[in-house]
Amino acid sequence: MNNDLEVKMADTAPSPFTPGYGKKPAIFGGHGAEFTELRAVFDTLDFGENHSVLVSGLRGAGKTSFITTLQDDARDAGWLVISDDASAGLMGRVMDSTIPALINAMTRESRARLTSFGIWEFNAEIEYVNRHRTVKPQLRSDLVALSSALGASGGILITIDEVSSGKVRLRELSRFALQISHALEDGAQIMVVFAGVKVSLDALLAEEHTTFLRRSREVEFERLSAGETRRVFIETAAIGGRRIDEDALTRLVSLSQGYPYLVQLAGDYAWRNNPNAPTITLADATIAHDKAIKAVESRVISRVYGDLSDVDQKFLNAMAEDDDRTKVADIVKRMDVSDAYVQVYKKRLIDSGYVHAAGHGYVQFSLPYLGAYIRRQLAAEARDGGGTGGWDAYPAPELPS
Ligand SMILES: Nc1ncnc2c1ncn2[C@@H]1O[C@H](COP(=O)(O)OP(=O)(O)OP(=O)(O)O)[C@@H](O)[C@H]1O
Ligand SMILES: [Mg+2]
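If you're wondering where the values come from, they're calculated on a predicted model, not measured in any experiment.

Caption draft 1: Fine view of the side chain of Ser174. As for its position among the elements, Ser174 is in helix α7 (residues 167-185). Setting aside chain neighbours within four positions, we find Ser174 in contact with Glu207, Glu208, His209 and Thr210.

Right, here's the structure in full:
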């Protein structure tokens, strides 16, 4: 009995799908041209316009996965990788822990070359001990030294994820960017990648010291094309040794709408429904449908909606009154504000990728299921009295003093 069970478990192929934030997909859909171009830079150090890259797109669209994939490629090509997110203390983290760790992972010859810069103290085995007290620590000089020690064998890839437009964060990022731009002027071989939603990246470009970023390569993440979506399903399943029936594939592609997170969720549920069968069938895809949509609502759509400002949310609520596309003039009426005001928010939401223009004077949700999610939220709020779960009728009694 026990033995049977063990055999069965060993036979169950693990799902090759990767639902979850920041989980690098087994098969990366889309953006082939960008990868080819950036990988060529890793091999040749011929940067062209690729010293800086801006990666923008909605939550769950694949920004972090793109960055992680680039990092792996860069390491394979012998580059040093500095990766962090744009949270407070960025400069300190990079200079006090990331760079020392990178130094100690370098070859002995490269480390020996670093000793001549006089920035760091090394022990007899040429391992990093500390910074020299006499030299003012500057990221710029660290990067230049690291780059020269690498010589022609590689460059430095710096990736900063989760750029968001809080004032403190932007000020810190702009100081960080200034150091990078100086290092570039000094000839360091650096590629820097910033990722975030479009409005945050625009805010970063508007900061002082970040003008060099205006010449960046821009990589925008929208949903995958239908063809790429099919390919991701087919090739990911093939990695796990299974095929997908044609009708099941059609169902999975249309349910995911090319939205990367949903592709992974749907594929994963379909896979797990009957993991030992040689093919994924329509029955598996049908079960996956409901589960995937429920999961994407709680893991993605609610976060997307929660990230938005009150006015952005009101705009989308006004749109959700229509099942398909919405006339901008109707939004003006429903929000009871001026046309100019609505235009400002419309542009913001289009820039961030939540909404797109759908014919003259119309807008439509870009993210599949966002409209349905909002409709359901609003209905639930109306049902239980303004979203307080009906508690308005039962205020807490005052405590005796
Ligand atoms: N190009 C792609 N092809 C197939 N699957 C992808 C692709 N990009 C991302 N995914 C999958 O989508 C999910 C979300 O990816 P990721 O975390 O990179 O998104 P993100 O844009 O960084 O989201 P956030 O803005 O919330 O940080 C993961 O499950 C990942 O495996
Ligand atoms: Mg991310």
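Caption draft 2: Expanded view of the site of ligand 1. Neighbouring residues of ligand 1: 22 residues in total, closest Thr18, Gly22, Lys23, Lys63 and Ser65. Between an oxygen atom of ligand 1 and a main-chain N or O atom of Gly20, the distance comes to 3.1 Å. Protein chains bury 98% of the 650 Å² of accessible surface belonging to ligand 1 in isolation. With respect to the detected pockets, ligand 1 is housed in the largest pocket. Of all elements in the fold, only α3 (63-76) and α11 (260-273) reach the threshold of two or more residues within the shell around ligand 1. Here the residues of the shell around ligand 1 sort into nine nonpolar, nine polar and four charged. Counting contributing residues, the shell around ligand 1 receives three or more from each of domain 1 (32-221) and domain 2 (225-305).

Caption draft 3: Representation of the sheet that holds strand β2 (residues 80-85). Reading across from one edge, β2-β5-β6-β1-β7 is the order of the five strands in this open sheet, with parallel pairing throughout. Strand pairing shows two members of the sheet lacking a second neighbour, β2 and β7 (217-221), which therefore form its edges. If you compare each strand with its neighbour and ignore which way they point, the axes differ by 15° on average. By the bridge criterion, six bridges tie β2 to strand β5 (residues 156-163) in an arrangement that is parallel. Note that in β5 the partner of Asp85 across the bridge is Asp161.

Caption draft 4: Fine view of the pattern of salt bridges. All told, the structure shown has 21 salt bridges when counted by the stated rule. Here Lys198 ties to Asp202 by a salt bridge, and the two come within 3.6 Å at their closest N and O atoms. Separated by four residues within a single helix, Lys198 and Asp202 lie in helix α8 (residues 198-206), roughly one turn from each other. A salt bridge links Lys333 to Asp330, with the shortest nitrogen-to-oxygen separation between them at 3.4 Å. Taken together, the positions of Lys333 and Asp330, both in helix α14 (residues 328-335) and three residues apart, correspond to about one turn of that helix. A relative accessible area of 62% places Lys333 in the exposed class.

Caption draft 5: Empty space enclosed by the protein, seen in detail. Under the defined criterion, the tally for this structure stands at one cavity of 30 Å³ or more. Every residue along the wall of the largest cavity is listed here: Ile119, Arg131, His132, Val135, Lys136, Pro137, Gln138, Ser141 and Asp142. Residues that form the lining of the largest cavity fall into these classes: three nonpolar, three polar and three charged.

Caption draft 6: Structural detail: the packing of helix α9 (residues 226-239) against helix α10 (residues 246-256). It is the contact of α9 with α10, at a shortest axis distance of 10 Å, that shows an interaxial angle of 125°. Taken together, α9 and α10 sit at an angle that is classed as oblique. The chirality of how α9 crosses α10 is right-handed. Between α9 and α10, the residues in contact are Ala226, Thr229, Arg230, Phe233 and Ile234 and Glu246, Leu249, Leu252, Val253 and Ser256, respectively. Tallied by class, the residues present in the contact of α9 with α10 amount to six nonpolar, two polar and two charged.

Caption draft 7: View of the pairing of strand β12 (residues 362-365). Residues of β12 alternate between two faces, with Val363 and Phe365 buried on one and Tyr362 and Gln364 left unburied on the opposite face. As paired strands, strand β10 (residues 326-327) and β12 are joined by two bridges and run antiparallel to one another. Paired with Thr326 across the bridge in β12 is Val363. Sheet topology note: the strand β11 (residues 355-357)/β12 ladder contains three bridges and is antiparallel. Paired with His356 across the bridge in β12 is Gln364. Between β11 and β12, which follow one another and run antiparallel, lie four residues, and Gly359 among them has a positive phi close to 85°.

Caption draft 8: Quick look at the packing of aromatic side chains. Going through the model one piece at a time under the given rule, you end up with ten aromatic pairs. For the ring pair Phe17 and Phe233, a centre distance of 6.2 Å and an interplane angle of 50° mean the geometry is tilted. You can see Phe17 sitting in the loop between α1 (2-11) and α2 (32-44) and its partner Phe233 sitting in helix α9, a full 216 residues away along the chain. Among the residues examined, Phe17 registers a relative accessible area of 5% and is labelled buried. Plain terms: the ring middles of Phe42 and Trp79 are 4.9 Å apart, the flat faces sit at 70° to each other, and that makes the pair edge-to-face. Of this pair, Phe42 sits in helix α2 while Trp79 is found in the loop between α3 and β2, placing the two residues 37 residues apart along the sequence. Exposure remark for Trp79: the relative accessible area of 4% places this residue in the buried category.

Rules used in this analysis
- Residues numbered from 1 in each chain as written.
- Chains lettered and ligands numbered in written order.
- Predicted model: local features only at pLDDT ≥ 70, side-chain atom pairs only at ≥ 80, totals over all residues.
- Heavy atoms only, no water.
- Helix = DSSP H or I, 4+ residues; strand = E, 2+ residues; numbered from the N terminus.
- Contact = heavy atoms within 4.5 Å.
- Near = heavy atom within 4 Å.
- Polar contact = N/O pair within 3.5 Å; in protein donor to acceptor, adjacent residues only side chain to side chain.
- Areas by Shrake-Rupley, 256 points an atom, 1.4 Å probe, with all protein chains shown as cover.
- 1 Å grid on protein atoms, 1.4 Å probe; cavity = no way out; pocket = protein on both sides within 12 Å on 5 of 7 lines; lining within 4 Å.
- Sits in = over half its atoms within 2 Å of the grid points.
- Nonpolar A, V, L, I, M, F, W, Y, C, P; charged D, E, K, R; others polar.
- Domains from an automatic or database assignment.
- Pairing = 2+ DSSP bridges.
- Axes fitted to C-alpha atoms, helices over the stretch in contact; angles between N-to-C directions.
- Salt bridge = Lys/Arg side-chain N within 4 Å of Asp/Glu carboxyl O.
- Buried < 20%, exposed > 50% of the residue type's maximum accessible area, 1.4 Å probe, protein only.
- Points joined across faces, edges and corners; volume = space filled by probe spheres on them.
- Parallel < 35°, antiparallel > 145°, perpendicular 65-115°, else oblique.
- Left-handed = near helix turned anticlockwise from the far one by under 90°.
- Phe/Tyr/Trp six-rings, centres within 6.5 Å; stacked < 30°, edge-to-face > 60°.

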